[in-house]
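# Working through the structure, step by step
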Amino acid sequence: MREHPEDIAGVGDERLVGRTALVTGSTSGIGRETALTLGRLGAHVIVHGRDADAGGEVVDAVEDGVNEGTAEFVRADFADPEEVSRLADRTRTAAGDGGLDLLINNAGGYFREGRLTDLGVEYTFHVNHLAPYQLTAALLDDLAEDARVVTTASEAHRGDQVDLEAVRSVDGYSSWRAYQRSKLANVQFAAELGRRLDERDDRSVTSNSFHPGAIPGSGFLRDLPGPLSRVAGALDRLPFVTSPPEGAATAVYLAVAPEVADVTGRYYADLRPKQPSTAARDRHAQRRLWETSAELLGIDEPLAGDGSGTEEGRPEAGGVADADATAVGDEPAE
Ligand SMILES: NC(=O)c1ccc[n+]([C@@H]2O[C@H](COP(=O)([O-])OP(=O)(O)OC[C@H]3O[C@@H](n4cnc5c(N)ncnc54)[C@H](OP(=O)(O)O)[C@@H]3O)[C@@H](O)[C@H]2O)c1
């Protein structure tokens, strides 16, 4: 039998009773396993996605009576900013005065057809990056003192730049390039959030991103033509292929492990810090992404300030600078 994520991550003895977690995209795949795990550890889990039946099944599994965890499902389409706002409102209510303890920004996908959302933004970029950015911004004031924000990125982030002009168009659309760009945005977002929280927030909230592994057995390849999608799903049965529980382990580790309570602005894979791409570490690009994301959504820039600590050339506070990654014994991947 495959191990549970909490056992792989070595956090099976941690208890989250009284804690509230939002796991976006938890009707399926990596998010579903993350939600089930946090529920097993005793948390109240807000299960999110668009598929209400699948969401209900996850809620039932969390509440099956074996563990103390509780759950509720909130439906929200991440291509629609109003639905993302409603998810934030529901989360605020569920978290109550204690605040939200864990925000797992996991929802996302690979989309074959190029299209624009109602905001005029390329769909993959909007769903995979802009929506979690909007959600996080909406929940910033509602995070608990020691909350952790974990964002599901990917090794697919390597090899691309975030061309912020191109995100307003689907001319020459390439589904893979669009996916790569959105995952690079996830790494940059998590690093910029970590730094801004460090500099402009009194709480000890952390932000990290991670690569879950290549997991064909999740719903990730559902948008491939029928037969290919079925073949991808069948690969899950092969022993050497990463499973959704294995993919969820690093999310669970970053969300729960005591030894990473103060780690922020980092990128992880296989439970270890890993050097992300040069583009991902570009502080100017991180800042531009942050500012442009607010503009695209028509919202005030979250955690805005004088920006003095984010100027190029200044020492990094908790980010993913080369020196920082080297300090934790990480070997550059490039
Ligand atoms: N699988 C891999 O190999 C792999 C590798 C690296 C990174 N990742 C990342 O892992 C994350 C989870 O993917 P997965 O592999 O677990 O795939 P999955 O099984 O397809 O799960 C995707 C989740 O995102 C939700 N979602 C997708 N589009 C949405 C939208 N427009 N609005 C709201 N929710 C939406 C889905 O919910 P509904 O179906 O209910 O809408 C589902 O719960 C993604 O961010 C993906 O980029 C996956």
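Refer to the structure above for everything that follows.
Just so it is clear, the model here is predicted, and its values are computed rather than measured.

Let us now look at the site of the ligand. Ser 28, Arg 50, Tyr 179, Ser 218 and Gly 219 are the nearest of the 31 residues found near the ligand. Within the backbone of Gly 219, a nitrogen or oxygen atom sits 2.7 Å from an oxygen atom of the ligand. Protein contacts shield 96% of the accessible area of the ligand, which totals 880 Å² for the unbound molecule. Structurally, the ligand is housed in the largest pocket. Elements represented by at least two residues in the shell around the ligand include exactly helix H2 (29–40), strand E2 (44–49), helix H5 (123–139) and helix H6 (175–200). Looking at the shell around the ligand residue by residue, the classes come out as twelve nonpolar, 14 polar and five charged.

Turning next to the packing of H2 against helix H8 (residues 244–256). Interhelical geometry of H2 versus H8 gives an angle of 55° and a closest axis separation of 8 Å. Between H2 and H8, the angle is such that the two are oblique. Judged by the twist between their axes, the crossing of H2 over H8 is right-handed. Across the interface between the two elements, Gly 29, Ile 30, Glu 33, Thr 34, Thr 37 and Leu 38 of H2 pack against Pro 244, Pro 245, Gly 247, Ala 248, Ala 251, Val 252 and Val 256 of H8. Looking at the contact of H2 with H8 residue by residue, the class counts come to eight nonpolar, four polar and one charged.

With that out of the way, let us pick up empty space enclosed by the protein. For the coordinates displayed, the defined rule picks out two cavities of 30 Å³ or more. Looking at the second largest cavity, its volume works out to about 30 Å³. Lining the second largest cavity we find Asn 105, Asn 106, Ala 107, Asn 128, Pro 132, Thr 151, Thr 152, Lys 183 and Asn 186. Of all elements in the fold, only H5, strand E5 (143–152) and H6 reach the threshold of two or more residues within the lining of the second largest cavity. The residue makeup of the lining of the second largest cavity, split by class, is two nonpolar, six polar and one charged.

Looking now at the pairing of E2. Extensive coverage of E2 is indicated by the burial of six of its six residues. Side chains His 44, Ile 46 and His 48 of E2 all project onto a buried face; the interleaved residues Val 45, Val 47 and Gly 49 project onto the opposite face, where all are buried too. Bridge count between strand E1 (residues 20–23) and E2: four bridges; the pairing is parallel. From the neighbouring strand, Ala 21 faces E2, where its bridge partner is Val 45. Handedness of the E1-H2-E2 crossover: right-handed. Where E2 lies against strand E3 (residues 70–75), six bridges are found, and the strand directions are parallel. Following the sheet pairing, Val 47 is matched in E3 by Phe 73.

Here is what the cut-offs are and how they apply
- Residues numbered from 1 in each chain as written.
- Predicted model: local features only at pLDDT ≥ 70, side-chain atom pairs only at ≥ 80, totals over all residues.
- Heavy atoms only, no water.
- Near = heavy atom within 4 Å.
- Polar contact = N/O pair within 3.5 Å; in protein donor to acceptor, adjacent residues only side chain to side chain.
- Areas by Shrake-Rupley, 256 points an atom, 1.4 Å probe, with all protein chains shown as cover.
- 1 Å grid on protein atoms, 1.4 Å probe; cavity = no way out; pocket = protein on both sides within 12 Å on 5 of 7 lines; lining within 4 Å.
- Sits in = over half its atoms within 2 Å of the grid points.
- Helix = DSSP H or I, 4+ residues; strand = E, 2+ residues; numbered from the N terminus.
- Nonpolar A, V, L, I, M, F, W, Y, C, P; charged D, E, K, R; others polar.
- Axes fitted to C-alpha atoms, helices over the stretch in contact; angles between N-to-C directions.
- Parallel < 35°, antiparallel > 145°, perpendicular 65-115°, else oblique.
- Left-handed = near helix turned anticlockwise from the far one by under 90°.
- Contact = heavy atoms within 4.5 Å.
- Points joined across faces, edges and corners; volume = space filled by probe spheres on them.
- Buried < 20%, exposed > 50% of the residue type's maximum accessible area, 1.4 Å probe, protein only.
- Pairing = 2+ DSSP bridges.
- Right-handed = clockwise from strand over helix to strand, strands pointing away.

Coordinates in, geometry out; function isn't part of it.
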